[in-house]
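One letter stands for each residue in the lines below.
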Amino acid sequence: MTKIFSHTRPIDADIVDAFCTLQKGFTDQFVYYRKDRPVRFMGLGRCIALPTLDDAECELEGPEAHQPVFFSFNRFDAGNPAPADELFEAFPRLRFMLPEIVLIEGECGPLLQVNSLGPVYPGRIERFVRQAAGAPPRRRESIPYRLEPDSREAWREAVAAALGAIGEGRVEKVVLSRRQRLVAARPFSSKDLLVNLIDGSARGTVLLYRYADVFFCGCTPELLVRKRGCEVESMCLAGTCPAGGSEEERARLADALMADAKNRAEHDYVARFIREVFHRTCYDVDVPDRPGILSLTHVQHLHTPARARMLDGMDLWSMMGDLHPTPAVAGTPVGEARMLLRRIEAYNRGFFAGACGYVDGAGDGEFSVALRTGVFDGEVGWVYAGCGIVDGSAADDEYDEIDLKLRTILSAFDGETRGGA
Ligand SMILES: C=C(O[C@@H]1C=C(C(=O)O)C=C[C@H]1O)C(=O)O
């Protein structure tokens, strides 16, 4: 049994400003920050890492009885024997990580949580509260960069291999990705990217996992699973078109996406998969037959929300394992598609398209699919994006679609304040 002491109290501070000030002394950093609603957790330091939460006993202290917040960042394909690049290799393989400090913004306003393996020293709490309250407003910084182009020819070959496997009937859909090397013109920090994503125009959930000198970061639109009590939520997100330059163009492109048989087929693989997982593990399943549109800053997607109630005996971790990877990021059938990806993709994806999120001491929490992300060391890095290949996909169109998706993580380097952002 591991005993955890968790002290939580309200603070009078903006949690992002507080994070920017407090983060200076900590090389371990974790962020799960939904931009659309206050489900926001920003962790610093490492109190303990656990392989399971079953043996943790939590003693809640302080005026706010808040469960300790564990972060969990998981690789796309943890069993892939191919070595990841050296940036991803630098991250340890841990399951649940409890930070020393967590800044929380939920429905009850900003909170500070201090976690410890012994009773929390009151002076430590007071110091963090003081530092948080005195945090100056954050500043956005532009980070000029260049991308080293990846080979269009290699992409065409990868798509041809995927179409070959589809033609042989081995898979119906496979989600291939590209990665590009990014070189910044000056050193940048995880905080710079974080602030630019949180305050920039990208929509979704901002993720950050920093370990010593390397950090994985991005802003994903794709919820994998959210659990509160027995209520669970997921989403089917697949099928893409550009955002368009004007409202009229946006609406016209969205209508065309809804009417496009290839994109609808790509989407239906995901909806069918999620429906099946929910019907096996849950009851009161609600996954509508027809998708809607999720309109983002750079692209639009076909989107179907999914809700259900979880059967007794299921938990968030096992639900995450059943759902991930979905056909939105691997393909259909999932196992065959994963095997194909190991063969076709020239790199191991690391955390890209992995399940990343948080779980609290009561077992509630949320995971997102880590899309629109990159891994960096403060001078260089890799950015990633992918797209579904089905019968009839054209390599050059898919290449361009990935360029559009890459714009989200690249917006982390753009510190200019845009109108309405
Ligand atoms: C794989 C990515 O996105 C996924 C693939 C999509 C598609 O093929 O249309 C759409 C949304 C995501 O589920 C990515 O952004 O890298």
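As the structure is a prediction and not an experimental result, all values here were calculated from the model.

Participant: Can you walk me through the overall build of the protein chain in this structure?
Facilitator: When helices and strands are tallied, the protein chain shows 10 helices and 23 strands. Rg of the C-alpha trace for the protein chain: 21 Å, near the compact-globule value of 22 Å for 421 residues, within the 12% margin. Expressed along its principal axes, the backbone C-alpha trace of the protein chain runs to roughly 65 × 50 × 45 Å. Residues counted as buried form 48% of the 421 residues belonging to the protein chain. The long-range share in the protein chain, meaning contacts at least 24 apart out of those at least 6 apart in sequence, stands at 78%.

Participant: Teacher, can you tell me more about the UniProt feature "domain: Chorismate-utilising enzyme C-terminal" (unreviewed entry) in the protein chain here?
Facilitator: UniProt marks residues 152-405 with the feature "domain: Chorismate-utilising enzyme C-terminal" (unreviewed entry), using the numbering shown here. Secondary structure across residues 152-405 comprises 35% helix and 37% strand; the distance between its end C-alpha atoms is 16 Å.

Participant: Help me understand the packing of helix 7 (residues 261-281) against helix 8 (residues 316-323) in this model?
Facilitator: Working note: a packed helix pair is described by the angle between its axes plus the distance between those axes. Between helix 7 and helix 8, the shortest axis-to-axis distance is 10 Å and the interhelical angle comes to 145 degrees. Handedness of the helix 7/helix 8 crossing: right-handed. Residue-level inspection shows I274, V277 and T281 of helix 7 in contact with helix 8, the latter providing M319, D322 and L323. When grouped by side-chain class, the residues that make up the contact of helix 7 with helix 8 number four nonpolar, one polar and one charged.

Participant: Quick question: what am I supposed to make of helix 8 here?
Facilitator: An α-helical turn contains 3.6 residues, so a residue and the one three or four places further along point in the same direction. Of all the residues in helix 8, the buried ones are L316, W317, M319, M320 and L323. Mapping the buried residues of helix 8 onto a view down its axis gives an arc of 165 degrees, with all of them on the same face. Of the exposed residues in helix 8, those oriented more than 90 degrees away from the buried face are S318 and G321. Next to the buried residues of helix 8 lie strand 14 (223-228), strand 15 (231-242), helix 7, strand 18 (299-310), strand 20 (355-360) and strand 21 (365-369).

Participant: Teacher, can you tell me more about unusual backbone geometry here?
Facilitator: Glycine aside, residues mostly have negative phi angles, and peptide bonds mostly take the trans form. Omega for the peptide link from H324 to P325 comes to -5 degrees, which places this bond in the cis form. Summarising the element assignment, P325 is placed in the loop between helix 8 and strand 19 (331-332). Cis geometry is adopted by the peptide bond preceding P333, which originates at T332 and carries an omega value of -15 degrees. Topologically, P333 is positioned in the loop between strand 19 and helix 9 (334-344). The phi dihedral of R372 falls on the positive side, at around 55 degrees, and the residue is not glycine. Checked against the element boundaries, R372 lands in the loop between strand 21 and strand 22 (373-376). The buried category is assigned to R372, around which 32 C-beta atoms lie within 10 Å.

Participant: Can you walk me through the site of the ligand in this structure?
Facilitator: Close to the ligand lie 18 residues; T240, A328, A385, G386 and G388 are nearest. In terms of residue class, the shell around the ligand is built from eight nonpolar, six polar and four charged.

Participant: Hey, could you run me through helix 3 (residues 122-133) in this one?
Facilitator: Over its 12 residues, helix 3 extends 17 Å from the first C-alpha to the last, a length consistent with the 16 Å expected when each residue adds 1.5 Å. For helix 3, the complete set of buried residues consists of I125, F128 and A132. The buried side chains of helix 3 occupy one side of the element, clustering within an arc of 70 degrees when seen end-on. Within helix 3, the exposed residues directed more than 90 degrees away from the buried face are P122, G123, E126 and R130. Buried residues along helix 3 sit in contact with strand 1 (2-10), helix 1 (15-22), strand 8 (101-106) and strand 9 (109-116).

Participant: Quick question: what am I supposed to make of the pairing of strand 22 here?
Facilitator: Each regular strand carries side chains that alternate between the two faces of the sheet. What you see with strand 22 is no split at all: T373 and V375 on one side and G374 and F376 on the other are buried throughout. Bridge analysis of strand 13 (residues 214-220) against strand 22 gives four bridges, and the strand direction is antiparallel. Across the sheet, the residue bridging to C217 is G374, located in strand 22. Relative to strand 23 (residues 380-390), strand 22 runs antiparallel, the two sharing three bridges. Following the sheet pairing, V375 is matched in strand 23 by W382. Hairpin connection between strand 22 and strand 23: a loop of three residues separates the two successive antiparallel strands, and G378 in this loop has a positive phi of roughly 100 degrees.

Participant: Sorry if this is basic, but what is going on with the pairing of strand 20 here?
Facilitator: For strand 20, the tally of buried residues reaches six of six residues, placing the bulk of the element in the interior. Here strand 20 shows no split at all, with A355, G357 and V359 on one side and C356, Y358 and D360 on the other all buried. Here strand 6 (residues 69-73) runs beside strand 20; their pairing, made up of five bridges, is antiparallel. Of the residues in strand 20, the one forming a bridge with F73 is C356. Relative to strand 21, strand 20 is paired through five bridges, and the arrangement is antiparallel. When the bridges of strand 21 are listed, V359 appears paired with G365. In this antiparallel pair of consecutive strands, strand 20 and strand 21, the connection spans four residues, and G363 shows a positive phi of 90 degrees.

Rules used in this analysis
- Residues numbered from 1 in each chain as written.
- Predicted model: local features only at pLDDT ≥ 70, side-chain atom pairs only at ≥ 80, totals over all residues.
- Helix = DSSP H or I, 4+ residues; strand = E, 2+ residues; numbered from the N terminus.
- Rg over C-alpha atoms; globule rule 2.2 N^0.38 Å.
- Buried ≥ 20, exposed ≤ 12 C-beta atoms within 10 Å, placed from the backbone.
- Contact = placed C-beta atoms within 7 Å.
- UniProt positions renumbered as here; feature names shortened; annotations may be inferred.
- Axes fitted to C-alpha atoms, helices over the stretch in contact; angles between N-to-C directions.
- Left-handed = near helix turned anticlockwise from the far one by under 90°.
- Nonpolar A, V, L, I, M, F, W, Y, C, P; charged D, E, K, R; others polar.
- Arc of directions from axis to C-beta.
- Near = placed C-beta within 6 Å.
- Expected span 1.5 Å × (residues − 1).
- Pairing = 2+ DSSP bridges.

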